Protein chains: 2
Amino acid sequence: MPKLVARCITISLDGFSAAKGQALDAPFGKDGLRLMRWAHVTQYFAAMIGKEGGAEGLDNDFLTHAFDNIGASIMGRNMFGPQRGPWPDEDWKGWWGPNPPFHHPVFVLSHHKHSSFQMEGGTSFHFVNDGIESALKQAFAAANGKDVRVGGGASTVRQYLEASLIDELHLVQAPILLGSGERIFEGLDGLSDRYEVVEYIPSETVAHVHIIKKTK
Amino acid sequence: MPKLVARCITISLDGFSAAKGQALDAPFGKDGLRLMRWAHVTQYFAAMIGKEGGAEGLDNDFLTHAFDNIGASIMGRNMFGPQRGPWPDEDWKGWWGPNPPFHHPVFVLSHHKHSSFQMEGGTSFHFVNDGIESALKQAFAAANGKDVRVGGGASTVRQYLEASLIDELHLVQAPILLGSGERIFEGLDGLSDRYEVVEYIPSETVAHVHIIKKTK
């Protein structure tokens, strides 16, 4: 059975996955990019932006395998871009340049209409206006038997957790303070009845935690 | 200069330091004692309850040194007992039995009057009705040149952090989910301007994080 997974979802010590104040030059909010420092120093990330070098090791391994067996992605509109409300135009093509790292269909949750479009390397973006379950259904269909990955952001991961639709969550705890921002774990009363931690793997810089949905 | 420190303050993956539903048989709330499992398996804890055995290693070392150079403690009333509102009587002497592990004066924050009392082994309990700064002043005086430790719970640590009165915070991230409960990191906008992470030391079971107040 194909699964819905979330991987490399990073939270700060104080529980935030993005700081306040997202903008074109601040996809993780004001001073929030520090959250992803563990990833940005890796070989995987260096290669993604066409550079050499970068750290090997546990963190790099997790990133390298984050797209294993993934046939489609789902993300919130804030992960796709800094715009809010109705789309001002359709010029924005995401944060990732002409050849995004997905290489499969990506379904963007948005209350506002937007045309689908195709990028280099097999990535296409599609906009879903009728809720998380519809997005999931479309993503599973597009994934063609493979798993679907929820990319983020915090609110999207939270909604899928709340609905018990995520099967596996790989969380990364980064030892930094953000002070404020968006939480994944908010209003999820009873979460520990539905989900459990099955693995705890600290690296030198962050802790990787595997959480799975409990079988009934 | 004597410092105000907080040590071994444990938070769950989802950011809670206690679950909901504190009661006489549940000092950390319903099903919340799991939070302290990392401590309960140690040699330090075994010795504290008069048993042999228990795990050595990093977690045990942190616990063993948690009272180093501490001359007085401060805690919230929920850490002292499960009662709420005016004290029904003065029979309750805390969770810790006749010889509590403090061995110094402990100042309990409470809106309600309660007499001071003395326990075995040098621990005494005093009740402070006029706020966190008053408690801190009394604790520093009682500590006689040594440091003061904020024991907990979440709300007490949060109030001292909010007022920038804590100098050093040793946080323990436990990889468990509680779902709901009390947060330390709530409403602390701008915390990252005032505090910074200076050390990250994962053990096999939890991550130890040292946070200090930034010097201006």
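The structure presented is a predicted model; accordingly, all values stated were derived computationally and were not measured.

Asker: Looking at this model, I keep getting lost on the environment of leucine 171 of chain A. Mind explaining?
Answerer: All names here are of chain A. Mapped onto the elements, leucine 171 comes out in strand β8 (residues 168-174). Classification of leucine 171 as buried rests on a relative accessible area of 0%. The sequence separation of leucine 171 and alanine 207 amounts to 36 residues, and the corresponding C-alpha distance is 8.1 Å.

Asker: What is the right way to read the sheet that holds strand β6 (residues 124-128) of chain B from this model?
Answerer: The strands making up a sheet are joined through hydrogen bonds of the backbone, oriented either antiparallel or parallel. Residue and element names in this part refer to chain B. Taken in spatial order, the 9 strands of this open sheet run β5-β6-β4-β3-β7-β1-β8-β11-β10, and their pairing is mixed. Because the sheet does not close on itself, it has two edges, and the strands there are β5 (117-118) and β10 (195-202). Across 5 bridges, the pairing between strand β3 (residues 70-76) and strand β7 (residues 147-152) is parallel. Its bridge partner lying in β7, alanine 72 is registered against valine 148. Helix α5 (residues 132-143) rests against β1 (4-12), β3, β4 (105-109), β6 and β7 of the sheet, and its axis sits at about 155° to β3. Contacts between helix α6 (residues 154-162) and the sheet are confined to β1, β3, β4, β7, β8 (168-174) and β10, with β7 contributing the most and set at about 130° to the helix.

Asker: I keep staring at the interface of chain A and chain B and nothing clicks. Help me out?
Answerer: Interfaces are often sized by the amount of accessible area the parts lose when they come together. Between chain A and chain B, the residue contacts involve 33 residues of the former and 33 residues of the latter. Here chain A meets chain B over a buried area of about 2400 Å², counting both sides, of which 58% is carbon and sulfur. Along the contact surface separating chain A from chain B lie 4 salt bridges. The closest approach of N and O atoms between lysine 20 of chain B and aspartate 189 of chain A, which form a salt bridge, is 3.1 Å. For the pair chain A and chain B, the number of links is 8 residue pairs in polar contact (both at pLDDT 80 or more). Here the element with the most residues in the side of chain A that touches chain B is strand β10 (residues 195-202) of chain A; it accounts for 5 residues. In terms of residue class, the side of chain A that touches chain B is built from 18 nonpolar, 7 polar and 8 charged.

Asker: For this particular structure, what's the right way to read helix α5 (residues 132-143) of chain A?
Answerer: Helical geometry: 3.6 residues make up each α-helical turn, so side chains three or four residues apart lie on a common side. With 12 residues, α5 of chain A extends 16 Å between its outermost C-alpha atoms, agreeing within 8% with the 16 Å of an ideal straight helix rising 1.5 Å per residue. Three or more residues of α5 of chain A are buried, namely Ile132, Ser134, Ala135, Leu136, Ala139 and Ala143 of chain A.

Conventions we followed
Residues numbered from 1 in each chain as written. Chains lettered and ligands numbered in written order. Predicted model: local features only at pLDDT ≥ 70, side-chain atom pairs only at ≥ 80, totals over all residues. Heavy atoms only, no water. Helix = DSSP H or I, 4+ residues; strand = E, 2+ residues; numbered from the N terminus. Buried < 20%, exposed > 50% of the residue type's maximum accessible area, 1.4 Å probe, protein only. Pairing = 2+ DSSP bridges. Contact = heavy atoms within 4.5 Å. Axes fitted to C-alpha atoms, helices over the stretch in contact; angles between N-to-C directions. Buried area = accessible area lost by both parts, 1.4 Å probe. Salt bridge = Lys/Arg side-chain N within 4 Å of Asp/Glu carboxyl O. Polar contact = N/O pair within 3.5 Å; in protein donor to acceptor, adjacent residues only side chain to side chain. Nonpolar A, V, L, I, M, F, W, Y, C, P; charged D, E, K, R; others polar. Expected span 1.5 Å × (residues − 1).

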